[in-house]
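Residues per chain are reported as follows:
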Amino acid sequence: MEAGAADALLSALCVAFTLGMFSTGLSDLRHMWMTRRVDSVQFLPFLTTDVNNLSWLSYGTLKGDGTLIVVNAVGAVLQTLYIVVYLHYCPRKGAELLQTAALLGVLLMGFGYFWVLVPNVEARLQQLGLFCSVFTISMYLSPLADLARVIQTKSTQRLSFPLTIATLLTSASWTLYGFRLRDPYIMVPNIPGILTSLIRLWLFWKYPQEQDRNYQLLQT
């Protein structure tokens, strides 16, 4: 396969896998829409993913990378939709609005810094890429507490198998994409996504659903 065709295929895989990962939130959207409640739906992942999408959208725009632009533009629209629906059905919005205002404030200050105070385009690209990388790594590592809880309870109920597979495929494709572009800001932050996904798959193997149900019966 020629290099150009391989790059196009890899780009298409990045788009498909990432949009597939973003679409896992549609089940939460449907739940909120049908029940008109936000029970068992977490708000913060929608918000942080939205900020992450907007940050990478800025990086992709500055870099002129169409793959980054398409994926993160669609992702930002989806996450914003999830946020709006959540806030619509949330009876008490105080904490969620405060979190939204805080992250939007950080985002606006960051944009002001990168686009106003860093006039050199190359320096801006490097600093923005570093910011996006650190933010993405923190998102991938944030569920480690949940993984520890899974080991403690021997229950994988709090884990989503489809989301785990989607995250693994997405992280792997973006790692390869960053490697092809020789862009460490894309490649490096997706490696923790691969590692945490493999840990989750091991937990699904270690504590299968049948064993999970038996464990719950013993606890009762």
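Because the structure is a prediction, the values reported are computed rather than measured.

Draft legend 1. Just the overall build of the chain, in detail. When you go through the chain residue by residue, the secondary structure sums to eleven helices and zero strands. When the helices and strands of the chain are listed from N to C terminus, the series reads α-α-α-α-α-α-α-α-α-α-α. A globule of 220 residues ought to have a C-alpha radius of gyration of about 17 Å, and the chain, at 19 Å, matches this closely. Along the first, second and third principal axes, the C-alpha atoms of the chain reach 65 × 50 × 30 Å. Expressed as a percentage of its 220 residues, the buried residues of the chain come to 40%. Here the analysis covers contacts within the chain between residues at least 6 apart in sequence; of these, 76% occur between residues at least 24 apart. With the model as given, the accessible surface of the chain reaches about 12,400 Å², and the carbon-plus-sulfur share is 68%. If you average the places of the 15 positive and of the 12 negative side-chain charges in the chain, the two averages end up 8 Å apart.

Draft legend 2. Region of the structure containing the side chain of Glu96. Looking at the secondary structure, you find Glu96 in helix α5 (residues 94–117). When near neighbours in sequence (up to four residues on either side) are disregarded, Glu96 contacts Phe43, Tyr86, Leu87 and Cys90.

Draft legend 3. Summary view of the nonpolar core. The biggest cluster of nonpolar side chains holds 36 residues, and the ones touching the most others in it are Met32, Tyr59, Tyr86, Trp174 and Ile186. For this core, the secondary-structure elements that each account for two or more residues are α1 (3–22), α2 (26–35), α3 (44–63), α4 (66–89), α5, α6 (121–141) and α8 (161–181). If you tally residues by element for this core, the top one is α4, at nine residues. Apart from residues no more than four positions distant in its own chain, Tyr86 is found in contact with Met32, Val38, Val41, Gln42, Phe43 and Glu96. Core analysis: the next-biggest nonpolar cluster, separate from the first, contains six residues, Leu147, Val150, Leu159 and Leu203 among them.

Draft legend 4. Representation of the packing of aromatic side chains within the structure. On inspection of all chains with the given rule, the structure shows nine aromatic pairs. Arranged with centres 5.2 Å apart and planes meeting at 70 degrees, the rings of Tyr113 and Phe114 form a pair that is edge-to-face. Between Phe131 and Phe135 the ring centres are 6.1 Å apart and the planes differ by 35 degrees, which places this aromatic pair in the tilted class. Remark: Phe135 and Phe131 occur in helix α6; sequence separation between them is four residues, near one turn of the helix. A network of ring pairs unites the aromatic residues Tyr113, Phe114, Phe131 and Phe135 as a single cluster.

Draft legend 5. Highlighting a nonpolar patch on the surface. Taken together, the side chains of Tyr113, Trp115, Val116 and Leu117 define a hydrophobic patch exposed on the protein surface, amounting to about 430 Å² of accessible area. Relative to the helices and strands, Val116 resides in helix α5.

Draft legend 6. Representation of unusual backbone geometry. Of note in this structure, Arg36 is not a glycine but carries a positive phi near 60 degrees. Its place among the elements puts Arg36 in the loop between α2 and α3. Overall, Arg36 belongs to the exposed group, its relative accessible area being 55%. Of note in the backbone geometry, Arg182 takes a positive phi value of approximately 55 degrees without being a glycine. Residue placement: Arg182 occurs in the loop between α8 and α9 (184–187).

Draft legend 7. Structural detail: the side chain of Asp50. Along the chain, Asp50 turns up in helix α3. As a buried residue without a salt bridge, Asp50 has its nearest oppositely charged side chain in Lys93, at a separation of 17 Å. Excluding anything up to four places from it in sequence, Asp50 contacts Ala76, Gln79, Thr80 and Ile83.

Draft legend 8. Structural detail: the packing of helix α7 (residues 144–153) against helix α10 (residues 191–206). Contact geometry for α7 and α10: axes closest at 11 Å, N-to-C directions at 15 degrees. With respect to α10, the axis of α7 lies roughly parallel. As for how α7 packs across α10, the hand of that crossing is left-handed. For the pair α7 and α10, the contacting residues are Leu144, Leu147, Val150 and Ile151 in the first and Thr196, Ile199, Arg200 and Leu203 in the second. Taken together, the residues that form the contact of α7 with α10 break down as six nonpolar, one polar and one charged.

Rules and cut-offs
- Residues numbered from 1 in each chain as written.
- Predicted model: local features only at pLDDT ≥ 70, side-chain atom pairs only at ≥ 80, totals over all residues.
- Heavy atoms only, no water.
- Helix = DSSP H or I, 4+ residues; strand = E, 2+ residues; numbered from the N terminus.
- Rg over C-alpha atoms; globule rule 2.2 N^0.38 Å.
- Buried < 20%, exposed > 50% of the residue type's maximum accessible area, 1.4 Å probe, protein only.
- Contact = heavy atoms within 4.5 Å.
- Areas by Shrake-Rupley, 256 points an atom, 1.4 Å probe, with all protein chains shown as cover.
- Lys, Arg positive; Asp, Glu negative; His and termini not counted.
- Charge placed at Lys NZ, Arg CZ, Asp CG, Glu CD.
- Core = buried A, V, L, I, M, F, W, Y, C linked by side-chain atoms within 4.5 Å.
- Phe/Tyr/Trp six-rings, centres within 6.5 Å; stacked < 30°, edge-to-face > 60°.
- Patch = residues over 30% accessible without salt bridge, like charges linked within 9 Å, V, L, I, M, F, W, Y side chains within 5 Å.
- Salt bridge = Lys/Arg side-chain N within 4 Å of Asp/Glu carboxyl O.
- Axes fitted to C-alpha atoms, helices over the stretch in contact; angles between N-to-C directions.
- Parallel < 35°, antiparallel > 145°, perpendicular 65-115°, else oblique.
- Left-handed = near helix turned anticlockwise from the far one by under 90°.
- Nonpolar A, V, L, I, M, F, W, Y, C, P; charged D, E, K, R; others polar.

This is a description of form; function is not addressed.
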